[in-house]
Amino acid sequence: MSVFSSKAEKVFIFAFFFIALGIPLFFNENTFYVNKISTMLILSIFVMSLDYLVGRTGLITLGHAMFYGLGGYLFAIMIPEYEVVNFWLYTFYVMAASGVIALIVGFIVLRTSGIYMIMITLALAQMTFYFFADSTEYGGLDGLFIYLKPETSIFGLNFLDLDNENHFYYLCLLSLFNCYVFCKVSLHSRFGRVIDAIKENPERATALGYNIFHFRLVSYVLSSSLAAYAGYLFSLQYGFVNPTMMSWEVSASALVMAILGGLGTIFGAILGVFVYESLHYGIEHMTQYWMFWMGSLIILMVLLLKSGIAGLIEQLVGGKRK
Amino acid sequence: MEMSLFLVQLLNGIQYGLLLFLVASGLTLVFGVMGILNLAHGSMYMIGAYLVYYFAAMTDSFWLAVVIACSIAMVIGVIIERFLIVHLYKRDHLDQVLLTVGLIFIFNAAQSFIWGNDPLGVDVPELLSSSIQITDIVEYPVYRLFLSVLCVGIAIGMYYVINNTKLGMMIRAGESNREMVENLGVNIGTLFTVVFAVGVTLSALAGIVSAPVVSLVPGMGERVLISCFVVVVIGGMGSIKGAFVAALLVGIVDTFASVLLPGMSSMTIYLLMALILIFKPQGLFKS
């Protein structure tokens, strides 16, 4: 059985990564666009992790940006101020620490479901937001700065320089690829089958003897750690973290991107991010009241586009999802 | 803490709690009857406050402005329900979240387009601008007392309408079984429009009457919405009685926390919520 759920996905994934590999060569010396696209790749990881939770596990959260922000903050708090640290080591630290936090938060949040879970995740994310926004120790609304970028040597080999925009771009692309493969493989495994069953019918899954709380908790922790990794990359790209990263607008627009791309498709996250962000830049360029147009667009999307862009492509390319 | 200061803080807490109740009751009413989670509920609070600022400046009368702002809020409610929410009744929670997030974006853009992003203020109406001396140095503004009395009045009014009128009967029936109400020949479409319009007007009214005691800033709606979620989660979604008890609890805890634990104040109510959730995942009053 193919790892791809549909022909559309196969076409899209090959085309996307093929084009993405050439982007820095295409823009050559123009680092502005390379940087912008790096940010979109980071966002794609974040939205993909959200799709894993919302689209596949069936748990709607409006507080996912909390982990996105935490990824950045954990890194900024853990590093010594004037010392270059190892990237891979801190990737592990950040993901492990956020995993532990997700375990505790998940334990509270997953006691509820549906509409309650939406409200509680939002409230907890706002709590974290105000915790950092009001704290003097962590820089309040200005956040924290990361003065030195980590080095990336592994087994004595050093082939990535994070200060170089093109190198950083490839790191983001590699991360997105790994994230995609991880999501697909884990959803294709036995664990993924159970997750699907729980989403389809929690009562029946329970009746079959699965402890749905445990499966949901694992999924929540995995997804949150991925989100934290994305936030960590974001903080490396811009050299600072601030509470805005975990504001509710970030969670809400991530949800919009996931749905725009096609919920539960995983690869749709990439589509959603690129379409939404391009529209965002385009509209913001024309008017400072971009929120009005974005809002109208979201409402139209809900009313007209039921299965996202991925659904549209699948209709065009043909080949149903299994 | 001194007794008189304690009393003032308690009054502040109750007043804040009662205002929260006004917003939360609208949210929980709409959810209870229609099954819709309206995230733009807080935006109506903001719009109410800005509308009263606008019309108070235009007409020179706070009370006239209150009436106009309330009517506009109700019209906005009817329009939103008739043209947008009506498509959502058979959809899942996610579509509700998205559509109402879209509305928040639009309201926020409208606010910054019409009134700008600088903080604004509304004067306390002259009739209620005095203060009551509690001790030589401690005094309490009459307007805040008026707020509390008004909110209690509305709470009693809601209690009466829901328990003793035909509309209330339909609302209670709608909460327990929507399909059955429809089959019994009640025009559910009209009922939903009325409930939604009343719900958002309650939120707008809270914004309107609190405009003289808060500063009008962008994002004020979301702040209220989040506190309101805490209230509804603690009280039990869909339960108006629960919303009343929880709102007072949150109001008092939040007010005392900002006096006693200044560094932690913004987190206290969330900790309270987490604590209650561990023991009662459905809230204090399950609907």
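Not measured: the values here are computed from a predicted model.

What counts, and at which threshold
- Residues numbered from 1 in each chain as written.
- Chains lettered and ligands numbered in written order.
- Predicted model: local features only at pLDDT ≥ 70, side-chain atom pairs only at ≥ 80, totals over all residues.
- Helix = DSSP H or I, 4+ residues; strand = E, 2+ residues; numbered from the N terminus.
- Rg over C-alpha atoms; globule rule 2.2 N^0.38 Å.
- Buried ≥ 20, exposed ≤ 12 C-beta atoms within 10 Å, placed from the backbone.
- Contact = placed C-beta atoms within 7 Å.
- Nonpolar A, V, L, I, M, F, W, Y, C, P; charged D, E, K, R; others polar.
- Axes fitted to C-alpha atoms, helices over the stretch in contact; angles between N-to-C directions.
- Parallel < 35°, antiparallel > 145°, perpendicular 65-115°, else oblique.
- Left-handed = near helix turned anticlockwise from the far one by under 90°.
- Core = buried A, V, L, I, M, F, W, Y, C linked by C-beta atoms within 7 Å.

A. Broad picture of the overall build of chain B. Secondary structure summary: chain B contains eleven helices and two strands in total. Along chain B, from the amino end to the carboxyl end, the secondary structure elements read α-α-α-α-β-β-α-α-α-α-α-α-α. A globule of 287 residues ought to have a C-alpha radius of gyration of about 19 Å, and chain B, at 19 Å, matches this closely. Each of the three principal axes of chain B carries a C-alpha extent, and together these read 65 × 50 × 35 Å. Residue burial in chain B is summarised as follows: out of 287 residues, 47% are buried.

B. Fine view of the interface of chain B and chain A. On the side of chain A, 34 residues touch chain B, which itself brings 33 residues to the contact. At the level of secondary structure, the elements contributing two or more residues to the side of chain B that touches chain A comprise α4 (93-115), α9 (220-235) and α11 (265-279) of chain B. Looking at the side of chain B that touches chain A element by element, the count peaks at 15 residues for α4(B). Taken together, the residues of the side of chain B that touches chain A sort by class into 25 nonpolar, six polar and two charged.

C. Summary view of the packing of helix α10 (residues 248-261) of chain A against α4(B). The interhelical angle for the contact between α10(A) and α4(B), taken along N-to-C directions, is 120°, at an axis separation of 11 Å. With respect to α4(B), the axis of α10(A) lies oblique. α10(A) and α4(B) meet at a crossing whose hand is left-handed. Contact residues: α10(A) offers A:Ala252, A:Leu255, A:Val256 and A:Ile259, while α4(B) offers B:Leu94, B:Val97, B:Leu98 and B:Val101.

D. Just the nonpolar core, in detail. Among the nonpolar cores identified, the biggest contains 193 residues, and A:Ala123, A:Leu255, B:Val52, B:Val230 and B:Val231 are the most heavily contacted of them. Sort the elements by how many residues they give to this core and helix α1 (residues 3-34) of chain B lands first, with 15 residues. Look past the residues within four positions of B:Val231 in its chain and what remains in contact with it is B:Leu20, B:Ala24, B:Ala243, B:Ala246, B:Ala247 and B:Val250.

E. Molecular detail of the environment of A:Gly71. Secondary-structure assignment places A:Gly71 in helix α3 (residues 65-78). Sequence spacing of A:Gly71 and A:Met245 is 174 residues, and the spatial spacing of their C-alpha atoms is 10.0 Å.

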